[in-house]
Amino acid sequence: LAGIEEYASGVSRLFSDESRCEVIACAPQGDDIVVDWRLSGGVNLGPAGLKIKPYVVTTTFKVREGLVCFQEDEFSIPGWQILLGAVAPWLPVPEPAAPVEELRARVTGGS
């Protein structure tokens, strides 16, 4: 993708209006920025869309000369589990990520 507008447009088309991206933590790591966040909601796939079970994403923004030049995402669960949880939500896989407040408390050492 070339530019923030194309990226934002693609994200907007993929995720439903009920989807949420909740930041757990954000910190510099050397010259990069690392953000942990919880994704929940649904995706606009198929005629009715699919609900996804919440999971955690770690995004590393590679920063060079003050600008983000690359984004890398790591998921807390494998992609096949994300898909399985969406198409067969009655299965116990994947286990949904904890609520964001609990995840933030784990990072800050709170209870």
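Structural notes, computed from the coordinates. (Residues numbered from 1 in each chain as written. Predicted model: local features only at pLDDT ≥ 70, side-chain atom pairs only at ≥ 80, totals over all residues. Heavy atoms only, no water.)

**Here's the deal with the overall build of the chain**
Logical step 1: Counting secondary structure elements, the chain contains 3 helices and 4 strands.
Logical step 2: Across the chain, helices and strands are ordered from the amino to the carboxyl terminus as α-β-β-β-β-α-α.
Logical step 3: Reported as C-alpha extents along the three principal axes, the dimensions of the chain are approximately 45 × 40 × 20 Å.
Logical step 4: The buried share of the chain, taken over its 111 residues, is 32%.
Logical step 5: A fraction of 42% describes how many contacts in the chain between residues 6 or more apart in sequence connect residues 24 or more apart.
Logical step 6: On the chain, roughly 7,500 Å² of surface is accessible, and the fraction owed to carbon and sulfur atoms is 59%. (Helix = DSSP H or I, 4+ residues; strand = E, 2+ residues; numbered from the N terminus. Buried < 20%, exposed > 50% of the residue type's maximum accessible area, 1.4 Å probe, protein only. Contact = heavy atoms within 4.5 Å. Areas by Shrake-Rupley, 256 points an atom, 1.4 Å probe, with all protein chains shown as cover.)

**Points about the nonpolar core**
In a soluble, globular protein the nonpolar side chains are often hidden away together inside.
Logical step 1: By size, the foremost hydrophobic cluster in this structure holds 10 residues: V35, W37, L39, V43, I52, Y55, V57, I77, I82 and A86.
Logical step 2: Elements supplying a minimum of two residues to this core: β2 (32–43), β3 (50–64) and α2 (79–87).
Logical step 3: In terms of residue count, β2 provides more of this core than any other element does, 4 residues in total.
Logical step 4: The residues contacting W37, other than those within four sequence positions of it, are C21, E22, V23, I24, Y55, V56, V57 and T59.
Logical step 5: If you look at the next biggest cluster of nonpolar residues, it comprises 7 residues, including A25, A98, V100 and L103. (Core = buried A, V, L, I, M, F, W, Y, C linked by side-chain atoms within 4.5 Å.)

**Description of the environment of L50**
Logical step 1: Within the secondary structure, L50 is located in strand β3.
Logical step 2: Each C-alpha atom of the pair L50 and G66 lies 38 Å from the other, and the pair is 16 residues apart in sequence.
Logical step 3: Other than its neighbours up to four places away in sequence, L50 contacts G41, G42, V43, L45, A86 and V87.

**Remarks on the side chain of S16**
Logical step 1: Looking at the secondary structure, you find S16 in the loop between α1 (4–14) and β1 (20–29).
Logical step 2: Residues within four places of S16 in sequence aside, it is in contact with G42, V43 and N44.

**Focus: α2**
The periodicity of an α-helix, 3.6 residues per turn, causes residues three or four positions apart to be oriented the same way.
Logical step 1: Those residues of α2 that sit buried are Q81, I82, G85 and A86. Projected down its long axis, α2 shows its buried positions confined to an angular sector of 135 degrees, all on one face. Opposite the buried face of α2, by more than 90 degrees, sit the exposed residues W80 and L83. (Arc of directions from axis to C-beta.)

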